[in-house]
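This is what each chain is made of:
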Amino acid sequence: MTVPTYPVENTAPSPAPAAARAHLLHDGSVEQYRRAIADGVDRVARRVATVDRPVTGITPAELAPLVDRVDLNLPLGDAGAALDELEDVYLRDAVWFHHPRYLAHLNCPVAIPALLGEAVLTAVNSSLDTWDQSAGATLIERRLIDWTAERIGLGPSADGVFTSGGSQSNLQALLLAREEACVDAVGPAARAELLPRLRVLTSAAGHFSVQKSAKLLGLAPDAVIAVPTDARRRIRASAVRDEIARCRQAGLVVMAVVATAGTTDFGSIDPLTELAGICAATGVWLHVDAAYGCGLLISPTRRHLLDGIDRADSVTVDFHKSFFQPVSSSALLVRDRRALRHATYHADYLNPARMVEQRIPNQVDKSLQTTRRFDALKLWLTLRVMGPHALGALFDEVVDRAADAWQLVSEDPRFEVVTRSELSTVVFRYLPTGPGRDLADAANLHAREALAASGLAVVAGTRVDGRHFLKFTLLNPATTVEDVGYVLDLIATHAGRYVHDHVTADLTCPVG
Ligand SMILES: *Cc1c(COP(=O)(O)O)cnc(C)c1O
């Protein structure tokens, strides 16, 4: 085989066409930048102003051919044409979280100051790994970390870092907890012996990212122990105490208790003060997953629901859930900044150890990521424009609305409702009566699908004690009780029709 040789000398690289350079943001292209962004903003604004339902109900089978048809090697040349195309492949059938009848998951309508932040941060394109790629951005992120830690009450040694989301925050928290549990296991043999014995206790209603993290962290397949919950779907503190004792007796090491401040389905808040007491007495790391409930940190009326969170060793907050921030915006906070050393590595090219001595603030020393978005800017501008009180009042409003919605469903004989959420979810199901009683699961599944297909509303589904339930997650202050009532009627109509059709079918087509 001969190695091809390329003429190198005397061959100037062919310059990119001038038009290509005009697509990069620089001093000569600011007009193009202004126009393109303004055009994009205008398209989105028009959609937001005119959509009459949260989804169109389009199916993947209908949409996929439109996306597949696009030839990525054949550019359209200008932003306007690309935006025209985008209308077809994305904007027309997008899911609109600002619509009052989007009631499914933890997606919020977004604060405009945060959108402004998004536009600024992506254009400047700071990267939060090192000071020399971010300058003021690093200081702004640090101020917001301090502000959040202060709201939680973590004390003077607290620190933290912005992350891509609650899942990454939980992963990092458990990494720190694992390393703290392993500090005395010096040497590979001792570590290898200890790792399979590590256990994590969390609520049966906790988030699946805890399991995923355990897997990523090389823990045993049965490392995460789901502790039973009480009638309000909060972890039973007494069961946590018993489980820690049982683990110790069995030669296992509980490396962390993960409390949930706002379970994804039920909005239930684990008894944080009791858990903090148990963890303090047994020397176990307490992580509080407040991905959902963190909005209470700024609530003018409900901050007390998080009492005890100040005693956590680490806390996950998702600003992109209850702080009305666009995805992504999340953070991990720790009580003792020294714990973050477990995520520290020094690379000669990036953050050599001498920079620590020179007190150069490099956030990469605390992060699982390297190149990292300046997501903090969105929260910064939101706080500078609106302030925490107004933002917290919006979250309070959706919590109040959810209480009204719960009341409405619980008084409606067509439905059965599960525990009243401390946050903004309502878990319920349509209950057929008479001969259709056995069709409850199928009828609720059908109602959810039929509703989404109609595009008139989107609700979530979940399983409770093995049965199919429906779920409202309210995060939009624009959602009224009338909206909720309207959606309940739609669900009852779809589910009722399903039951009617299937009972009738059973009666008219007897088996055998
Ligand atoms: C949403 C959620 C997570 C995961 O957060 P992401 O930002 O989606 O990664 C973790 N825990 C709880 C309780 C959540 O509700």
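Model, not experiment: these values are computed from the prediction.

Parameters and conventions
Residues numbered from 1 in each chain as written. Predicted model: local features only at pLDDT ≥ 70, side-chain atom pairs only at ≥ 80, totals over all residues. Heavy atoms only, no water. Salt bridge = Lys/Arg side-chain N within 4 Å of Asp/Glu carboxyl O. Helix = DSSP H or I, 4+ residues; strand = E, 2+ residues; numbered from the N terminus. Buried < 20%, exposed > 50% of the residue type's maximum accessible area, 1.4 Å probe, protein only. Pairing = 2+ DSSP bridges. Contact = heavy atoms within 4.5 Å. Axes fitted to C-alpha atoms, helices over the stretch in contact; angles between N-to-C directions. Near = heavy atom within 4 Å. Polar contact = N/O pair within 3.5 Å; in protein donor to acceptor, adjacent residues only side chain to side chain. Areas by Shrake-Rupley, 256 points an atom, 1.4 Å probe, with all protein chains shown as cover. UniProt positions renumbered as here; feature names shortened; annotations may be inferred. Domains from an automatic or database assignment. Nonpolar A, V, L, I, M, F, W, Y, C, P; charged D, E, K, R; others polar. Phe/Tyr/Trp six-rings, centres within 6.5 Å; stacked < 30°, edge-to-face > 60°. Lys NZ or Arg CZ within 6 Å of the ring centre and 35° of its normal. Parallel < 35°, antiparallel > 145°, perpendicular 65-115°, else oblique. Left-handed = near helix turned anticlockwise from the far one by under 90°.

*Asks:* Which parts of the structure should I look at to understand the pattern of salt bridges?
*Replies:* Where charged atoms from two side chains of opposite charge approach closely, those side chains can pair. Applying the stated criterion across every chain, the model contains 34 salt bridges. Note that E118 is salt-bridged to R373, the shortest N-O span being 2.1 Å. Here E118, found in helix α5 (residues 112–124), pairs with R373, found in the loop between α13 (354–357) and α14 (376–385); they are 255 residues apart in sequence, far enough to count as distant. E118 sits in the buried class, given a relative accessible area of 16%. Accessibility expressed as a relative area gives 34% for R373, which makes it partly exposed. Salt-bridge contacts for R373 lead to D375; the nearest nitrogen and oxygen are separated by 3.0 Å. Salt bridges here are not isolated pairs; linked through shared partners, they connect D39, R43, R47, D84 and E87.

*Asks:* Explain the sheet that holds strand β1 (residues 102–103) here, please?
*Replies:* The strands making up a sheet are joined through hydrogen bonds of the backbone, oriented either antiparallel or parallel. A sheet is described by the order of its strands in space; here five strands give the open sequence β1-β11-β12-β10-β9, paired in mixed fashion. The sheet is open, and its two borders are formed by β1 and β9 (415–417), each paired with just one other strand. Pairing of strand β10 (residues 425–430) with strand β12 (residues 467–473) involves four bridges; the strand directions are antiparallel. Counterpart to F428 in the pairing with β12 is L470. In this fold helix α15 (residues 388–410) packs onto β9, β10 and β12, with an angle of close to 15° to the strand it touches most, β10.

*Asks:* Could you clarify how one ought to interpret the site of the ligand in this entry?
*Replies:* The full set close to the ligand counts 15 residues, and G166, S167, D289, D318 and K321 are the nearest of them. One of the side-chain nitrogen or oxygen atoms of S167 is found 2.7 Å away from an oxygen atom of the ligand. Side-chain polar atom of T264 to an oxygen atom of the ligand: 2.9 Å apart, as the coordinates give it. In isolation the ligand offers 380 Å² of accessible surface; the protein chains occlude 85% of this area. Counting only elements with at least two residues in the shell around the ligand, the list comes to α7 (166–181) and α12 (319–322). With three residues, the top contributor of residues to the shell around the ligand is α7.

*Asks:* Can you walk me through the UniProt feature "modified residue: N6-(pyridoxal phosphate)lysine" (unreviewed entry) in the chain in this structure?
*Replies:* With numbering matched to this structure, UniProt assigns "modified residue: N6-(pyridoxal phosphate)lysine" (unreviewed entry) to K321. Positionally, K321 belongs in helix α12. Its relative accessible area of 15% is what places K321 among the buried residues. Among residues more than four places away in sequence, those in contact with K321 are L106, C108, A291, Y292 and L475.

*Asks:* What's the story with the environment of R401 in this structure? I'm lost.
*Replies:* Its location among the elements puts R401 in helix α15. Given the relative accessible area of 16%, R401 is considered buried. Sequence spacing of R401 and T479 is 78 residues, and the spatial spacing of their C-alpha atoms is 7.9 Å. The residues contacting R401, other than those within four sequence positions of it, are L474, P477, T479, T480 and V481.

*Asks:* Got a minute to help me understand the domain arrangement of the chain in this structure?
*Replies:* When the parts of a complex come together, some accessible area is lost, and that lost area is often taken as the interface size. Here the chain is described as being made up of domain 1 (114–386) and domain 2 (389–508). Using C-alpha coordinates to define each centre, domain 1 is positioned 33 Å away from domain 2. In this assembly, domain 1 and domain 2 are joined by five salt bridges. Ionic pairing is found between D265 and K471, a salt bridge with its closest N-O pair at 2.8 Å. Viewed at the interface, domain 2 and domain 1 are joined by twelve residue pairs in polar contact (both at pLDDT 80 or more). Within the residue set of the side of domain 1 that touches domain 2, elements represented by two or more residues are α12 and α14. When grouped by side-chain class, the residues that make up the side of domain 1 that touches domain 2 number 13 nonpolar, ten polar and six charged.

*Asks:* Please explain the sheet that holds strand β8 (residues 330–334) as it appears in this structure.
*Replies:* Read across the sheet, seven strands follow the order β2-β8-β7-β6-β5-β3-β4 without closing on themselves; strand pairing throughout is mixed. Each of the sheet's edge strands pairs with one partner strand only, and the pair in question is β2 (159–163) and β4 (224–227). Across the sheet, the mean angle from the axis of one strand to that of its neighbour is 20°, orientation sign disregarded. As paired elements, strand β7 (residues 314–318) and β8 share five bridges and run antiparallel to each other. Within β8, the residue paired with D318 across the bridge is S330. Together, β3 (198–203), β4 and β5 (253–260) form the strand contacts of helix α10 (residues 237–249), whose direction differs from that of β4 by roughly 145°.

*Asks:* What should I look at first to understand the packing of aromatic side chains in this one?
*Replies:* For any pair of aromatic rings, the description consists of the separation of the ring centres together with the inter-plane angle of the planes. Per the stated rule, a full pass over the model turns up six aromatic pairs. Clustering of aromatic rings is evident, with ring pairs tying together F415, F428, Y430 and F472. Seen from the ring of F266, R233 lies directly overhead, with NZ or CZ sitting 4.9 Å from the centre.

*Asks:* Got a minute to help me understand the environment of A353 in this structure?
*Replies:* One can find A353 in the loop between β8 and α13. Sequence-wise, A353 and D365 are twelve residues apart; in three dimensions their C-alpha atoms are separated by 9.8 Å.

*Asks:* I would appreciate a short explanation of the packing of α10 against helix α11 (residues 272–282) in the present structure.
*Replies:* Packed helix pairs are specified by the crossing angle of their axes together with the interaxial distance, meaning the distance between the axes. Where α10 contacts α11, the axes come no closer than 9 Å and their chain directions differ by 20°. With respect to α11, the axis of α10 lies roughly parallel. As for how α10 packs across α11, the hand of that crossing is right-handed. Between α10 and α11, the residues in contact are A237, V240, R241, I244 and R248 and E274, L275, I278 and T282, respectively. Among the residues forming the contact of α10 with α11, the class breakdown is five nonpolar, one polar and three charged.

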